[in-house]
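Residue strings, one per chain:
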Amino acid sequence: MWYHFDVIASKPYETVYRKTGKGILDCEWFPGAAMNYAENLLRIRDDKIAIIVLDEDQNEDRVTFAELFEEVCTQPHSESTV
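On a predicted model such as this, the values are computed, not experimentally measured, just so you know.

(A) Quick look at the overall build of the protein chain. Within the protein chain, the secondary structure is distributed over two helices and four strands. Over its C-alpha atoms the protein chain spans a radius of gyration of 17 Å, topping by over 25% the 12 Å that the globule rule assigns to 82 residues. A principal-axis box enclosing the C-alpha atoms of the protein chain has dimensions of 40 × 35 × 30 Å. Looking at the protein chain residue by residue over its 82 residues, the buried ones come to 13%. Carbon and sulfur atoms make up 55% of the accessible area of the protein chain, which totals about 7100 Å². Charged side chains of the protein chain number 8 positive and 16 negative; the gap between the two group centres comes to 13 Å.

(B) Here's a closer look at the environment of Met-1. The residue Met-1 is located in the segment before β1 (17–19) in this model. Looking at Met-1, the relative accessible area reads 67%, which means it is exposed. Along the chain, Met-1 and Asp-26 lie 25 residues apart, while their C-alpha atoms are 20 Å from each other.

(C) Inspection of the pairing of strand β3 (residues 49–54) at higher detail. When β3 meets strand β4 (residues 60–64), the two strands line up antiparallel, connected through five bridges. In the sheet register, Ile-49 faces β4, and the bridge partner there is Thr-64. Linking two consecutive strands that pair antiparallel, namely β3 and β4, is a turn of five residues; a positive phi of about 70 degrees is found at Gln-58 within it.

(D) The arrangement of the packing of aromatic side chains in detail. For the structure shown, the criterion picks out four aromatic pairs. Between Trp-2 and Phe-30 the ring centres are 4.9 Å apart and the planes differ by 45 degrees, which places this aromatic pair in the tilted class. Residue Trp-2 is located in the segment before β1, and its partner Phe-30 is located in the loop between β2 (27–29) and α1 (37–42); the two are separated by 28 residues in the primary sequence. A connected cluster of aromatic rings, assembled from ring pairs, spans Trp-2, Tyr-13 and Phe-30. Directly above the aromatic system of Phe-69 lies the positively charged group of Arg-45, at a separation of 3.7 Å from the ring centroid.

(E) Expanded view of the pattern of salt bridges. Taken as a whole and judged by the stated rule, the model has four salt bridges. Taking the shortest distance from any N to any O, the salt bridge between Glu-28 and Arg-18 comes out at 3.2 Å. Placement of the pair is Glu-28 in strand β2 and Arg-18 in strand β1, with a sequence separation of ten residues. Between Arg-62 and Glu-60 there is a salt bridge, with its nearest N and O atoms 2.6 Å apart. By relative accessible area, which is 44% here, Arg-62 ends up partly exposed. Through salt bridges with shared partners, a single network forms among Glu-14, Arg-18 and Glu-28.

So, how was this worked out
All residue numbers refer to position in the chain's written sequence, counted from 1. In keeping with the predicted nature of the model, local features appear solely for residues at pLDDT of at least 70, side-chain atom pairs appear and are counted solely at 80 or more, and the whole-chain, interface and lining totals rest on all residues. Each side-chain value is derived from all of the structure's non-hydrogen atoms; neither hydrogens nor water enter the calculation. The helix and strand labels rest on DSSP assignments: H or I over at least four residues marks a helix, E over at least two residues marks a strand, and numbering proceeds from the N terminus. Atoms counted for the radius of gyration: C-alpha only. Globule rule: 2.2 Å times the number of residues to the power 0.38. With a 1.4 Å probe rolled over the protein chains alone, any residue whose accessible area is under 20% of its type maximum counts as buried; one over 50% counts as exposed, and the rest are partly exposed. Note on areas: Shrake-Rupley with a 1.4 Å probe; residue coverage comes only from the protein chains shown. Within this scheme the basic residues Lys and Arg register as positive and the acidic residues Asp and Glu register as negative, but His and the chain ends are omitted. Charged side chains are reduced to one point each, which is NZ for Lys, CZ for Arg, CG for Asp and CD for Glu. Between any two strands, pairing holds if DSSP finds at least two bridges. The aromatic pairing rule takes the rings of Phe, Tyr and Trp, using the six-membered ring of Trp, and pairs them if the centres are within 6.5 Å, calling planes under 30 degrees apart stacked, those over 60 edge-to-face and the rest tilted. Definition used: whenever NZ (Lys) or CZ (Arg) falls within 6 Å of the ring centre and also within 35 degrees of the ring normal, the charge is taken to sit over that ring. By definition here, a salt bridge exists when the distance from a side-chain nitrogen of Lys or Arg to a carboxyl oxygen of Asp or Glu is within 4 Å.

Any functional reading would require information beyond the geometric quantities listed.
Written out as structure tokens, the structure is:
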């Protein structure tokens, strides 16, 4: 999956999957990796669906990668760091 989606990372993962407990949800995916989610998401600028939102009333909204990029570009950028 990592290579299929050509993930950009600042630090590589140690292993794909690590079990952390007895339960089915007790696991870590790509532990050790560091990546900028926005960098990976915003580099795609086509008309494929990037995000599907379904609210509590079952209203669905879809946003393409191109729409997402344009929306981000319209937002003011903060000069401060958190």
